[in-house]
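The chain contents come next:
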Amino acid sequence: MNFEGLDPGLAEYAPAMHSALDPVLDAHLNPSLLQNVELDPEGVALEALPVQESVHIMEGVYSELHSVVAEVGVPVSVSHFDLHEEMLWVGSHGGHATSFFGPALERYSSFQVNGSDDIRQIQSLENGILFLTKNNLKYMARGGLIIFDYLLDENEDMHSLLLTDSSTLLVGGLQNHILEIDLNTVQETQKYAVETPGVTIMRQTNRFFFCGHTSGKVSLRDLRTFKVEHEFDAFSGSLSDFDVHGNLLAACGFSSRLTGLACDRFLKVYDLRMMRAITPLQVHVDPAFLRFIPTYTSRLAIISQSGQCQFCEPTGLANPADIFHVNPVGPLLMTFDVSASKQALAFGDSEGCVHLWTDSPEPSFNPYSRETEFALPCLVDSLPPLDWSQDLLPLSLIPVPLTTDTLLSDWPAANSAPAPRRAPPVDAEILRTMKKVGFIGYAPNPRTRLRNQIPYRLKESDSEFDSFSQVTESPVGREEEPHLHMVSKKYRKVTIKYSKLGLEDFDFKHYNKTLFAGLEPHIPNAYCNCMIQVLYFLEPVRCLIQNHLCQKEFCLACELGFLFHMLDLSRGDPCQGNNFLRAFRTIPEASALGLILADSDEASGKGNLARLIQRWNRFILTQLHQDMQELELPQAYRGAGGSSFCSSGDSVIGQLFSCEMENCSLCRCGSETVRASSTLLFTLSYPDDKTGKNYDFAQVLKRSICLDQNTQAWCDNCEKYQPTIQTRNIRHLPDILVINCEVNSSKEADFWRMQAEFAFKMAVKKHSGEISKNKEFALADWKELGSPEGVLVCPSIEELKNVWLPFSIRMKMTKNKGLDVCNWTDGDEMQWGPARAEEEHGVYVYDLMATVVHILDSRTGGSLVAHIKVGETYHQRKEGVTHQQWYLFNDFLIEPIDKHEAVQFDMNWKVPAILYYVKRNLNSRYNLNIKNPIEASVLLAEASLARKQRKTHTTFIPLMLNEMPQIGDLVGLDAEFVTLNEEEAELRSDGTKSTIKPSQMSVARITCVRGQGPNEGIPFIDDYISTQEQVVDYLTQYSGIKPGDLDAKISSKHLTTLKSTYLKLRFLIDIGVKFVGHGLQKDFRVINLMVPKDQVLDTVYLFHMPRKRMISLRFLAWYFLDAAVFSSVLAL
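What you see is a predicted model; the values in this text were computed from it and never measured. (Residues numbered from 1 in each chain as written. Predicted model: local features only at pLDDT ≥ 70, side-chain atom pairs only at ≥ 80, totals over all residues. Heavy atoms only, no water.)

## Topic: the pairing of strand S7 (residues 129-132)
Alright, step 1. Of the two faces of S7, both are covered, the one formed by Ile129 and Phe131 as well as the one formed by Leu130 and Leu132.
Alright, step 2. Pairing of strand S6 (residues 121-124) with S7, which is carried by four bridges, proceeds in the antiparallel orientation. Note on S7: the bridge partner recorded for Gln121 is Leu132.
Alright, step 3. The turn linking S6 back onto S7 is made up of four residues.
Alright, step 4. In this structure, S7 lies alongside strand S8 (residues 136-140), joined through four bridges in antiparallel fashion. Within the sheet, the bridge partner assigned to Leu130 lies in S8 and is Tyr139.
Alright, step 5. In sequence, S7 turns back onto S8 through a hairpin of three residues. (Buried < 20%, exposed > 50% of the residue type's maximum accessible area, 1.4 Å probe, protein only. Helix = DSSP H or I, 4+ residues; strand = E, 2+ residues; numbered from the N terminus. Pairing = 2+ DSSP bridges.)

See below:
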């Protein structure tokens, strides 16, 4: 089915916009359709069931028999009647497949086929079902088990498949070839080239293969050679559908008009005996689908997107009386199919509903269907219960059927390997009390286990290995874990130990003794924490981002500016990037690039973090550049102020990071093509040199920037693809040079290791006789170093190891568009003079500002950390001192380090990923003033997103202009939350619970109450926050939030976006109001707000006595106000 040129409304049904895990219910859903669908109290469908109990069907006339909801709110992309069993298969735009049994449409199976792409076509076979997605062909059993999963080229865009015989399949799409796949070997056996790309529909008769193209043509191909025998130019615009029966071919499509494509109401009919067109058939509907239904005659069924269906003879006249109407729940019909018996028609609409029309009360889908296999009833329920708490329970009591076949657990020797059970770690008490005599350790028996007995575990608890302190404290056995002392403790992956109080009693100061803020790592996709810190400590970027504000709901630049504001206000306390990562997850490009990790992959470290963070680096710079370009026009957001950075033409992200280039393509005929382009970062290209030659980093960098390569390219002069020489010349250097290291294999790692050895030998030779073995100096030496006449300190041996990266590089633009790059040292500056004076002649010096490294640790799956050179302005704001210092940022662990540590890369465990170089004196080139773009108008009345909200339901009175809060005004605040991910915890052997990962919360409702004035006690904000993420628990007994309250289609509340409400709270914080509430610290943490302590009056701490537990709000309300809170909520 070709969707090009269809109703523009189809554009909103992109797969990324309709996740199968996040269904919503249309507010205008026909109530009669859901009369038998089980609903929760708010009207959200819990399960799709048949909609009518009994329907009168007139024999021989098609009428609606049943309608079911396949997947609420997710459009149906394809439907298919099973050719072997009485089943109807339905695929959705979310990649989910559902099957229904019999004319009653009883749900048989339902499973996910693809996590991101829609299902394009379904084909039933004897043993299973074939599903075709964009670049994947999956063969699954009817119950959902995968038989094979064939991954096509990622550049393919497949749309159609055709089963030529029982074991051969043709697959076609928008590319210029069709693949032939053998289903027995699951291999590609042939690739047929097509002259006209875009094969979206394929049919077969005993004479030809028929291929429908997006260009509007239908080609007839030989069954053996696949060569074109005939071709019909059916439509000038695009082809929508066609079908073949006997000697007739009928097609519908679109014609080109001045305003675009228009649906053609003339069906093109061709006689396959004479290979020519006969009289077109004019119909009274806009045809989108058509099928031959040859029962008594060769009649055609023509279907429109709006649900109109007309029957007519292909060689006769269409009668308006033969039109009937399908009543879709959504605005459009998306798919149509006819059963093999021609007794049933299936329609799928854009709201996930399937409509079955039949011509008899008890139709059959196939003439000779085989019996469908159903799941056997559970026999375990009739057996006596087994007490698993008994260690001596015999496993023979478990009923196992007697079989002579090979069991599933009997893996062949070729596919399995013996895996001995890992020995449990030694008790920490034994290690603590152990005394070592020679090579033998002695310790008293702590009596924590029975003698000579070890508990048997099928799966070792992760908590036994989540801390390295258990082994490193032991004087014996350190040689058993060499990886532990290879990775320095500060570089290891840090985890938060949760208690009953959550994070309140966790000592973050133990990991961070500075006043800079770390970032919490337990949030999904928090692997990018290190890169957020790098961007924050770029002073122009920090100021630019905080000056940005736009109307877009999920704008990464806005969310990053809010996060930077939190990092500015924090005094050493860690911050959460929840809102930023929430917006990050909603961007389709991030998902398409594979930047959204599943929780299991992130926890186990399955993804290649180095490659992942480099893709994230490219993505974030591009996204910020686009977001800032959209702001060049007048501010779109209500109340947003101007930015001192913005200029007409390009964003400041482009001014900072963009490098302008000329790409020259020289053909061997002498023709040269020059194109101007720009890039935001460079990727290192390593020389393919097996001789072990010594390279400076500057040489490799120049080779990567001015890349020369030989490749095949189109030559306009030769009018064909020719070998060309591609060269790249630099026209303008960026202010910030970003480099992706691309150390993705052992080959690149060996290159870094070898060059570091060369650099070490040269440095030792250069400083021979001067290098100290350690950094111990006499007091007189330290005094001399502090004096203006002091000499430079010579580095030690340890500081020179594993160093190839220079701290500074010098770049010079030559007159012939060339580029000179060399390593730069402080001694070179003394020889050549200050770099600032040479910039007038095209000479620039770049200083290393940050390195992002990948820590290889098999125990934890690895992690990402950053070395950042923090500038003077940051120290001035935080500590009141003026100096520069290198720091290690490892999530919430922040520690000052020596500058040599930032460029030392032991490739066994510390691999470079990203480098940031900045032009010297960069800050002096930009205006670094931050103007708060949030104005008071954000507090004024605004429209609700909810369609059903009425003014009579309003629970608050917005502020008037004369009521705007002032410094010191009191504002009562309360927030309610819902749970997105449940807490992960384990139960220890002593009965105590240990939290592995806390629950992920999302703000659902925020209420602010006036604390003074004539309307004191009346709310001026009562916003329900719309969410697109799946909610697992609404916490109704505590929050009062019910399913449907956060859905814009069916909610009756005042619904807003999180960004809109966030701006209101930010304005109140910036103006200096004082918030009164209970447990505000946790509320502000989840909302992602940093509020100064003098602006918070929290009743949790006002009525807290030392060494006593915190008092609940219910008790305080009962004791002081004689009021019962939560009673109305608990009564629901």
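Picking up where we left off.
## With respect to helix H5 (residues 539-546)
Alright, step 1. Burial analysis of H5 places eight of its eight residues in the buried class, the great majority of the element.
Alright, step 2. What H5 keeps buried is the set Glu539, Pro540, Val541, Arg542, Cys543, Leu544, Ile545 and Gln546.
Alright, step 3. Taken together, the buried residues of H5 touch helix H4 (529-536), helix H6 (556-569), helix H10 (609-629), helix H11 (652-657), strand S38 (736-740) and helix H18 (872-879). (Contact = heavy atoms within 4.5 Å.)

## Let's talk about the sheet that holds strand S25 (residues 298-304)
Alright, step 1. A sheet is described by the order of its strands in space; here four strands give the open sequence S24-S25-S26-S27, paired in antiparallel fashion. The strands lining the two open edges of the sheet, one partner per strand, are strand S24 (287-294) and strand S27 (323-325). Strand-to-strand, the axes of this sheet are offset by a mean angle of 20°, without reference to chain direction.
Alright, step 2. Here S24 pairs with S25 via seven bridges, running antiparallel. If you follow Ile293 over to S25, its bridge partner there is Arg299. (Axes fitted to C-alpha atoms, helices over the stretch in contact; angles between N-to-C directions.)

## Quick word on the packing of aromatic side chains
Alright, step 1. A full pass over the atoms with the stated rule returns 49 aromatic pairs.
Alright, step 2. Ring geometry for Tyr108 against Phe374: centres 5.6 Å apart, planes inclined by 75°, an arrangement best described as edge-to-face. Of this pair, Tyr108 sits in strand S5 (residues 106-112) while Phe374 sits in the loop between strand S30 (353-358) and helix H1 (428-433), and the two are 266 residues apart along the sequence.
Alright, step 3. An aromatic cluster of three or more residues is present, and its members are Tyr686, Tyr695, Phe697, Phe751, Trp752, Trp804, Phe905 and Tyr917.
Alright, step 4. Lying over the aromatic face of Tyr874, Arg877 brings its terminal NZ or CZ to 4.7 Å of the ring centre. (Phe/Tyr/Trp six-rings, centres within 6.5 Å; stacked < 30°, edge-to-face > 60°. Lys NZ or Arg CZ within 6 Å of the ring centre and 35° of its normal.)

## Regarding the sheet that holds S8
Alright, step 1. Taken in spatial order, the four strands line up as S6-S7-S8-S9 in an open sheet, and their pairing is antiparallel. Edge positions in the sheet fall to S6 and strand S9 (146-151), since each of these pairs with one other strand and no more. Taken over all neighbouring pairs, the strand axes of this sheet differ in orientation by 15° on average, direction set aside.

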